[in-house]
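Understanding the architecture of this molecule
Below are the chains, spelled out letter by letter.
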Amino acid sequence: MRLAVPNKGRLHDPTVGLLERAGLHLENGTDRQLYASTVDPEVTVLFVRAADVPEYVADGAADAGVTGLDQVREAGVDLDERLDLGFGNCRLVLAAPENGSIGSVDDLAGGTVATEFPHIAREYFAERGIDPEVVEVSGATELTPHVEMADAIIDITSTGTTLRVNGLAVVDEVLESSARLFVRPDVADDPKLAEIETALSSVRSAEGKRYLMMNAPEDELDAIRDVIPGLGGPTVMNIAGGDQVAVHAVVDERDVFEVITDVKARGASDILVTEIERLVD
Ligand SMILES: Nc1ncnc2c1ncn2[C@@H]1O[C@H](COP(=O)(O)OP(=O)(O)OP(=O)(O)O)[C@@H](O)[C@H]1O
Ligand SMILES: O=P(O)(O)OC[C@H]1O[C@H](OP(=O)(O)OP(=O)(O)O)[C@H](O)[C@@H]1O
Ligand SMILES: [Mg+2]
C-alpha cells in the first residue's frame, strides 16, 4: 500500500507526526527523500506536493493519501474520504477589499477573481449563475485586488490575519476544509487500508484523553465509580492482601481536574495521570 503525503508546507509535519504516533514509523525518510519505507513492509510513503496528492492517488501511483479537502475538490478527482485528521482546518472564502464595491457574490458579474483554486472557483460561480473572469495565481493571492489584477479573491483563511492585514473582508464561504485521509474507490476494501485507518483513528481517539490510575478503598468503589465519567466505566483490579482496589479509567482531559478532587474526597490515593498515545475501540 502506497500512501502519498505532503512533502512540505503546513500539512507535512502534522502528517508525519500522526504516522509516527500511529506506529507507522518512517524508516528512511529524510528531508530531501521523496519516499520512505515504514516499519510495515507493506506500507510505503511517497512525499509529494499537497496539491498533487489527489492526482497521485487517483492515477494509481499511490493508493491512499493525506491532503486537504480543498486540494481534492480542486483536482476534481473521485476519491473516497475516510478520516478527518483534525489538522489543516481552514476555510476557502470569497474575499474583497473592505468597504469596496463588492458586497455580495452577484457584484462580481463581469468582474475578475484571482485564486489558486480556479476549478473550485468556476464551479462556485457557475452554481450561482455568474461568470466572472477567473485568474489563476500560484500564491500571494491577497495582493491581487490592490494591484488592479482582480476585484476579489478566493483563498484560504484560518486565523483571518492575512485577509485583515491586506484590507480584505470575507464576502462568502466557499468550502470548509481540513486534512483528511483519501483513498481510491477500488482500494476501499483493502485490509491493509483498514489497518492504517484503525491506527490513524486510534491516535485521533486518544487526543484530549488521559489515563487515570488510583488506589481506592474497596468500600468506596461505588462512590468513586459515580464520579468517574469514564469510557465504558473504570477497570477495577484487586490488590492482593488488602482492602484497596486499583481503579483505572480513561477520562477527558478537561474533566481530570474535577475527577481528581472528587476521587480524593472519596479516599482515593496514589493517583496517576498519564497521556494516551492511542485508543483502539
Ligand atoms: N492558513 C492555513 N491554516 C490551515 N490550513 C491551511 C492553511 N493554509 C493552507 N492550509 C491547508 O494546507 C494545504 C497545503 O497548503 P500549504 O500552504 O502547505 O501548501 P502550498 O502553499 O499550497 O504548497 P507548497 O508549499 O507546496 O507550494 C492547503 O491545501 C490547505 O488544505
Ligand atoms: O488566515 P491566516 O491564518 O492568515 O492564514 C491564511 C494564509 O495561510 C495560507 O498561506 P501560507 O501561510 O500557507 O503561505 P503560502 O502563500 O506560501 O502558501 C493561505 O494561502 C493564506 O495566505
Ligand atoms: Mg500555503
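Since the model is a prediction, treat every value here as computed from it, not as a measurement.

**A few points about the packing of aromatic side chains**
Each aromatic ring pair is described using two quantities: the centre-to-centre distance and the angle formed by the ring planes. Inspection of every chain in the model, using the stated rule, returns one aromatic pair. Relative to Phe125, the ring of Tyr124 has its centre 5.1 Å away and its plane inclined at 70°; by these criteria the two rings are edge-to-face. Take Tyr124 and Phe125: they sit in the same class, and that class is buried.

**Notes on the domain arrangement of the protein**
Each assigned domain of the protein is listed here: domain 1 (2–87 + 178–205), domain 2 (90–176) and domain 3 (208–275). Computed from C-alpha atoms alone, the centre-to-centre distance between domain 1 and domain 3 is 38 Å.

**Topic: the side chain of Asp70**
Relative to the elements of secondary structure, Asp70 occurs in helix H3 (residues 69–75). For the buried Asp70, no salt bridge is present, and the opposite-charge side chain at shortest range is Arg180, 8.3 Å distant. Contact partners of Asp70, with chain neighbours within four places excluded, come to Phe117, Ile120, Ile156, Leu175 and Ser177.

**A few points about the sheet that holds strand E12 (residues 209–217)**
The strand order across the open sheet formed by four strands is E13-E14-E12-E15, and the pairing between neighbours is antiparallel. Only two strands of the sheet have a single neighbouring strand rather than two, namely strand E13 (235–238) and strand E15 (269–275). Across this sheet, the average inter-strand angle for adjacent strands is 15°, counted without regard to direction. Bridging between E13 and strand E14 (residues 244–252) involves four bridges; their strand directions are antiparallel. Paired with Thr235 across the bridge in E14 is His248. Along the sheet, helix H8 (residues 256–265) makes contact with E12, E14 and E15, crossing E15 at roughly 165°.

Reading the values: the criteria
- Once a new chain begins, its residue numbering starts again from 1 and follows that chain's sequence as written.
- For this description, chains carry letters from A and ligands carry numbers from 1, given in the order in which they are written.
- At least 70 in pLDDT is required for a residue's local features to be given in this predicted model, at least 80 for side-chain atom pairs to be given and counted, and no such filter applies to totals for whole chains, interfaces and linings, which use all residues.
- Side-chain descriptors were evaluated using all non-hydrogen atoms of the structure, hydrogens and water having been removed beforehand.
- Aromatic rings from Phe, Tyr and Trp, with only the six-membered ring used for Trp, were paired whenever their centres fell within 6.5 Å, and each pair was classed as stacked if the ring planes differed by under 30 degrees, edge-to-face if by over 60, and tilted otherwise.
- For every residue, the accessible area obtained with a 1.4 Å probe (protein chains only) is divided by the maximum for its type, and the residue is called buried under 20%, exposed over 50%, and partly exposed between those limits.
- Just so you know, the domain bounds were taken from an automatic or database domain assignment.
- A helix here means a DSSP run of H or I that spans at least four residues, while a strand means a run of E at least two residues long, and both kinds are numbered starting from the N terminus.
- The convention is simple: Lys and Arg are positive, Asp and Glu are negative, and His and the chain ends are not counted.
- What counts as a salt bridge is simple: a side-chain nitrogen of Lys or Arg found within 4 Å of a carboxyl oxygen of Asp or Glu.
- Should any heavy atoms of two residues lie within 4.5 Å, those residues are counted as being in contact.
- Here, any two strands with at least 2 DSSP bridges between them count as paired.
- With axes taken as lines fitted to C-alpha atoms, and helix axes fitted only over the stretch in contact, angles between N-to-C directions fall between 0 and 180 degrees.

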